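Residue-level structural notes
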Amino acid sequence: MRTTTLLLAMLFAAPAEPRRLRFYHTHTGEKLDVVYHEKGDYLPDAMGELNYLLRDFRSGDVVDMDRDLLDLLCAAQERLGSTGTYEIISAYRSPKTNEMLRKRGGGVARGSLHLQAKAIDVRLTDASTRDLRQVGLDLAAGGVGYYPKSNFVHLDTGRVRRW
């Protein structure tokens, strides 16, 4: 079992409450409010909706998002006592999109975990990005990047690191 999976399983060790996420995509205007996990199972229809919403909106490429990433978002929201909406800045990126953004500058990594559907850049409507960053660090389930000037936090399920 991956370390991230184990950490998140421990966070959700209590009786399985439905796991819900609310999203607003800042580039497409799309919204989604979905229960994606219930009674110990990921819900296929909900996962399909999430995969579509978190697609590379530039290319239209849809992939299966890392379930641990979704659970990380859910755990962070729970820790914050939030019922807000995640505003998506960036989720999955195709290789072509990632290379285009990398060439533009701005710190896009060649081997970004966005390429593997294991990373997301977000803010939360009812919490500060500073608080979201701190919860990400406290959960220690992957990488946490903090971009206060752009008002978002990068969360991923790679190795634990910060910037």
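Described below are features of the structure shown in this document. Computed from a predicted model, the values in this text were never measured in an experiment. (Residues numbered from 1 in each chain as written. Predicted model: local features only at pLDDT ≥ 70, side-chain atom pairs only at ≥ 80, totals over all residues. Heavy atoms only, no water.)

Within the protein, the regular secondary structure consists of five helices and eight strands. Listed by position from the N terminus, the elements making up the protein come as α-β-β-β-α-α-β-α-β-α-β-β-β. Residues classed as buried in the protein amount to 45% of the 163 residues present. Taking the contacts inside the protein whose residues are at least 6 apart along the sequence as the reference set, 57% of them involve residues at least 24 apart. (Helix = DSSP H or I, 4+ residues; strand = E, 2+ residues; numbered from the N terminus. Buried < 20%, exposed > 50% of the residue type's maximum accessible area, 1.4 Å probe, protein only. Contact = heavy atoms within 4.5 Å.)

If you check helix H3 (residues 67-80), its first and last C-alpha atoms are 20 Å apart, about what 14 residues at 1.5 Å a residue would give, namely 20 Å. Counting buried positions along H3 yields ten of 14 residues, so the element is predominantly enclosed. All of the buried residues along H3 are Asp68, Leu69, Leu70, Asp71, Leu72, Leu73, Cys74, Ala75, Ala76 and Gln77. At the N-terminal end of H3, a side-chain oxygen is found 3.3 Å from the backbone nitrogen of Asp68, two or three residues along, and the residue is Asp66. After H3 finishes, the residue Gly81 shows a positive phi value of roughly 70 degrees. (Expected span 1.5 Å × (residues − 1). Polar contact = N/O pair within 3.5 Å; in protein donor to acceptor, adjacent residues only side chain to side chain.)

Grouped together as the largest cluster of nonpolar side chains are 35 residues, with contacts concentrated most on Phe23, Tyr86 and Ile120. For this core, the secondary-structure elements that each account for two or more residues are strand E1 (19-25), strand E2 (31-38), helix H2 (44-53), H3, strand E4 (86-90), strand E5 (119-124), helix H5 (129-139) and strand E7 (152-156). With seven residues, the single largest contributor to this core is H3. Not counting residues within four places of it along the chain, the set of residues in contact with Phe23 comprises Glu30, Lys31, Leu32, Leu50, Leu53, Leu73, Thr85, Tyr86, Ile88 and Ile120. (Core = buried A, V, L, I, M, F, W, Y, C linked by side-chain atoms within 4.5 Å.)

Here we take up unusual backbone geometry. A positive phi angle, near 60 degrees, is found at Ala117, a position not held by glycine. Note that Ala117 resides in the loop between helix H4 (95-104) and E5. For Asn151, which is not a glycine, the phi torsion comes out positive at approximately 60 degrees. Within the fold, Asn151 resides in the loop between strand E6 (143-147) and E7.

This part takes up the sheet that holds E7. Spatially, the eight strands line up as an open sheet ordered E3-E2-E1-E4-E5-E7-E6-E8, and their pairing is mixed. Two strands close off the open sheet at either side, each with one partner strand: strand E3 (41-42) and strand E8 (161-162). For E6 and E8, the ladder comprises two bridges, and the chain directions are parallel. Bridging from a neighbouring strand, Gly143 pairs with Arg161 of E8. Sitting on the sheet, H2 touches E1, E2, E3 and E4, and the angle it makes with E2 is about 140 degrees. (Pairing = 2+ DSSP bridges. Axes fitted to C-alpha atoms, helices over the stretch in contact; angles between N-to-C directions.)

Time to look at the packing of H3 against H5. Taken N-terminus to C-terminus, the directions of H3 and H5 make an angle of 115 degrees; their axes are 10 Å apart at the nearest point. The angle between the axes of H3 and H5 places the two elements in the roughly perpendicular class. Viewed along their axes, H3 and H5 form a crossing whose handedness is right-handed. Touching Leu72, Ala75, Ala76, Arg79 and Leu80 of H3 are Asp131, Leu132, Val135, Asp138 and Leu139, all from H5. When its residues are assigned to classes, the contact of H3 with H5 shows seven nonpolar, no polar and three charged. (Parallel < 35°, antiparallel > 145°, perpendicular 65-115°, else oblique. Left-handed = near helix turned anticlockwise from the far one by under 90°. Nonpolar A, V, L, I, M, F, W, Y, C, P; charged D, E, K, R; others polar.)

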